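Results of the structural survey
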Amino acid sequence: VGVNFNAPGDRMAPDGTLWVDYPAVGGPSPQVSLSIQPPKPTGYRVHSSQVQAKAGEHAWVAASGMTGVSSIKLKVGEPESPPARYAVHLHFAEPEDHQPGERVFDVLLQGKVVAKSLDLTKESGGRLRPLVKRLENVAVTDSILIELNPVKGETTIAGVEVFAE
């Protein structure tokens, strides 16, 4: 499953991943058990034709997102379940005309730093260029916890994609 933040609706990717909009605005969507802090972060949305994506990248995921997010908790199992392994892909795009160093944040997954001082503009190459952090073999019992801690400026995220391994 994929969660596309602030998207205009759900979409099926060519690889078969169902991307659901969050919050749901495009009509009925499959239920995804998700909580975000703060509860109502600022959203952005542009037309996907404005996104400078390479072959295989999902411009439509990068075309929307949320800023100011500090944590995302996605329920995928039950508390008593034995740990399962997942691949977690975190999708980012810089929605504004920031210069390198103006938006920098740490990314944590399950309490562990997976991207220290992520400078989104520098690493992605500029405004509205997709950046995906692919994390494999993530141990999960009941939920996936993603934390975004600002170093400079606000945090931003476009989507989260989860695959059972």
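Residues numbered from 1 in each chain as written. Predicted model: local features only at pLDDT ≥ 70, side-chain atom pairs only at ≥ 80, totals over all residues. Heavy atoms only, no water.

1. Regarding the environment of H89
In this fold, H89 is placed in strand β8 (residues 84-92). As for H89 and V160, which are separated by 71 residues in sequence, their C-alpha atoms are 5.8 Å apart. (Helix = DSSP H or I, 4+ residues; strand = E, 2+ residues; numbered from the N terminus.)

2. A few points about the sheet that holds strand β3 (residues 18-22)
Read across the open sheet, the 6 strands follow the order β2-β3-β1-β14-β8-β11; overall the sheet is mixed. Lying at the two open borders of the sheet, with one neighbouring strand each, are β2 (11-12) and β11 (131-140). Pairing of strand β1 (residues 2-5) with strand β14 (residues 159-164) involves 3 bridges; the strand directions are antiparallel. Counterpart to V3 in the pairing with β14 is V160. (Pairing = 2+ DSSP bridges.)

3. What to know about the nonpolar core
In this structure, F5, I72, F92 and V160 are the most contacted members of the largest nonpolar core, which totals 29 residues. Within the second largest apolar cluster, 12 residues are counted, among which are A13, A59, W60 and A158. (Core = buried A, V, L, I, M, F, W, Y, C linked by side-chain atoms within 4.5 Å. Buried < 20%, exposed > 50% of the residue type's maximum accessible area, 1.4 Å probe, protein only.)

4. A few points about the pairing of β8
Taking burial as the measure, the 9 residues of β8 include 7 buried ones, the bulk of the element. Pairing geometry for β8 and β11, over 8 bridges, is antiparallel. In the strand pairing of β11, H89 is matched with R134. When β8 meets β14, the two strands line up antiparallel, connected through 6 bridges. Across the sheet, residue H91 finds its bridge partner in β14, namely G159.

5. Thoughts on the sheet that holds strand β13 (residues 156-157)
Read across the sheet, 3 strands follow the order β5-β6-β13 without closing on themselves; strand pairing throughout is antiparallel. Looking at the sheet topology across the chains shown, the edges are occupied by β5 (42-45) and β13. Here β5 pairs with strand β6 (residues 64-67) via 4 bridges, running antiparallel. Looking at β6, one finds that G43 is bridged to M66.

6. Side note on the packing of aromatic side chains
What the rule picks out here adds up to 3 aromatic pairs. Geometrically, the ring pair formed by F5 and Y22 is edge-to-face, given 6.3 Å between the ring centres and 90 degrees between the ring planes. Of the two residues, F5 is situated in strand β1 and Y22 in strand β3; the sequence distance between them amounts to 17 residues. Residue classification places F5 among the buried residues on the basis of a relative accessible area of 1%. For Y22, a relative accessible area of 24% puts it in the partly exposed group. With a centroid separation of 5.8 Å and an interplanar angle of 90 degrees, the aromatic rings of W19 and W60 are classed as edge-to-face. Here the residue W19 occupies a position in strand β3, and W60 occupies one in helix α1 (residues 59-62), the gap between them amounting to 41 residues. On the basis of relative accessibility, which here comes to 14%, the residue W60 falls in the buried class. (Phe/Tyr/Trp six-rings, centres within 6.5 Å; stacked < 30°, edge-to-face > 60°.)

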